[in-house]
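Descriptive analysis of the structure
Read off the chains here:
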Amino acid sequence: MTVSDPVEDIVATISRSATEIRQGLVGRRGKADEENPSGETQAEADVWADDLLAERLSSIDGVSQYASEERAEIIDCDDDGLSVAVDPLDGSSNLKSNNTMGTVFGIYDEPLPAPGTALVAAGYVLYGPITTMVYARDGTVTKYELTGGERTVVEHDVTLPDDPITYGFGGRVPDWPADFEAYVREVEANPQHKLRYGGAMIGDVNQVLTYGGIFAYPALEDSPNGKLRLQFEGNPIGYVIEAAGGRSSNGEYSILEVEATDLHQRVPVHVGNTSLIDRLEAALA
Ligand code: F6P
């Protein structure tokens, strides 16, 4: 008899849905005429992908909550069990220019909003030239290719390369606090480092996981918590990068330790090689 594993059921459902989400982007590149709970204009595809994932994930046995960046309220399901937080289409402003986007997910064993320490698994789908999934559970990161709903392992035990290469920082440069800008100039001064920035967190983080380096969407002068959301973006990405041997930080300490007070709260996000994040924290102290 096979024992059911809700975490595996959730990840398998997201894997199967990813191929459909990718195909469903065609013809859904317009605006939805709505704003998400963070006040950003939604794309038709944001709303569509959220509805699709909400329906499928909330009906899995062992899922007690579904929440998404695209809806104000949590969907409470009947079961006691896990909470799934999803950014259905991360970087959807890249739809118009047909550039990389992703789907991010975090699976928590506490009711939302929950801290990253309550994550039992997290990962993301990257809609690049190839659809891939990176998934972390029990301190191990695995990379898959997704074709026709099937998940094929392409790399076991993914870890950040030791010698960091790429860096990418979000937000307008004039809005960066002076200490963060000074840190960026230091990173840029290293001849081994190269700028890689595509404007979708998942694409930019995946560069860091592949080549080593740092991605940040920092605190900004008029937005001290930056732009990215803790439940749907900061925690899942922090969990993946930490499981891959790197570090995450809100500028002071691990993103996973940040207190969760609000479903849609924002958090400054810095992830990458330990040496670069340690130095960042020293620079911002
Ligand atoms: O939160 C969505 C997102 O598109 C991220 O994927 C990305 O890092 C960020 O916003 C880019 O935002 P902006 O172009 O407004 O700086």
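A short tour of the structure in this document, coming up. (Residues numbered from 1 in each chain as written. Predicted model: local features only at pLDDT ≥ 70, side-chain atom pairs only at ≥ 80, totals over all residues. Heavy atoms only, no water.)

Two numbers describe how helix H3 (residues 178-189) lies on helix H6 (residues 274-284): the axes approach to 9 Å, and their chain directions differ by 145 degrees. Note on packing geometry: the crossing formed by H3 with H6 is right-handed. In contact with Asp-179, Phe-180, Tyr-183, Glu-186 and Val-187 of H3, H6 contributes Leu-276, Arg-279, Leu-280, Ala-283 and Leu-284. (Axes fitted to C-alpha atoms, helices over the stretch in contact; angles between N-to-C directions. Helix = DSSP H or I, 4+ residues; strand = E, 2+ residues; numbered from the N terminus. Left-handed = near helix turned anticlockwise from the far one by under 90°. Contact = heavy atoms within 4.5 Å.)

Glancing now at the packing of aromatic side chains. According to the stated counting rule, one finds six aromatic pairs in the structure shown. Relative to Phe-180, the ring of Phe-169 has its centre 5.5 Å away and its plane inclined at 90 degrees; by these criteria the two rings are edge-to-face. In this pair, Phe-169 is assigned in strand S11 (residues 166-169) and Phe-180 in helix H3, connecting sequence segments 11 residues apart. Given a relative accessible area of 8%, Phe-169 falls into the buried group. With a relative accessible area of 1%, Phe-180 lands in the buried category. Counting every residue linked through ring pairs, the aromatic cluster contains Tyr-167, Phe-169, Trp-176, Phe-180 and Tyr-183. Sitting above the plane of the Trp-48 ring, Arg-28 keeps its charged end 4.0 Å from the centroid. It is Arg-151 that lies over the ring of Tyr-144; its NZ or CZ is 5.0 Å from the centre. (Phe/Tyr/Trp six-rings, centres within 6.5 Å; stacked < 30°, edge-to-face > 60°. Buried < 20%, exposed > 50% of the residue type's maximum accessible area, 1.4 Å probe, protein only. Lys NZ or Arg CZ within 6 Å of the ring centre and 35° of its normal.)

Before going further, it helps to spend a moment on the packing of helix H1 (residues 6-24) against helix H2 (residues 44-58). Where H1 contacts H2, the two axes come as close as 10 Å, and the packing angle between them is 155 degrees. Classified by the angle their axes make, H1 and H2 are roughly antiparallel. When you trace H1 past H2, the crossing you get is right-handed. Residue-level inspection shows Ile-10, Thr-13, Ile-14, Ser-17, Glu-20, Ile-21 and Gly-24 of H1 in contact with H2, the latter providing Trp-48, Ala-49, Leu-52, Leu-53, Arg-56 and Leu-57. (Parallel < 35°, antiparallel > 145°, perpendicular 65-115°, else oblique.)

The topology assignment puts Pro-174 in the loop between S11 and H3. A relative accessible area of 59% means that Pro-174 is categorised as exposed.

Looking at chain direction, strand S9 (residues 140-147) and strand S10 (residues 150-155) are connected through five bridges and run antiparallel. From the neighbouring strand, Glu-145 faces S10, where its bridge partner is Thr-152. Where S9 folds back on S10, the antiparallel hairpin that results is connected by two residues, among which Gly-148 adopts a positive phi of roughly 55 degrees. (Pairing = 2+ DSSP bridges.)

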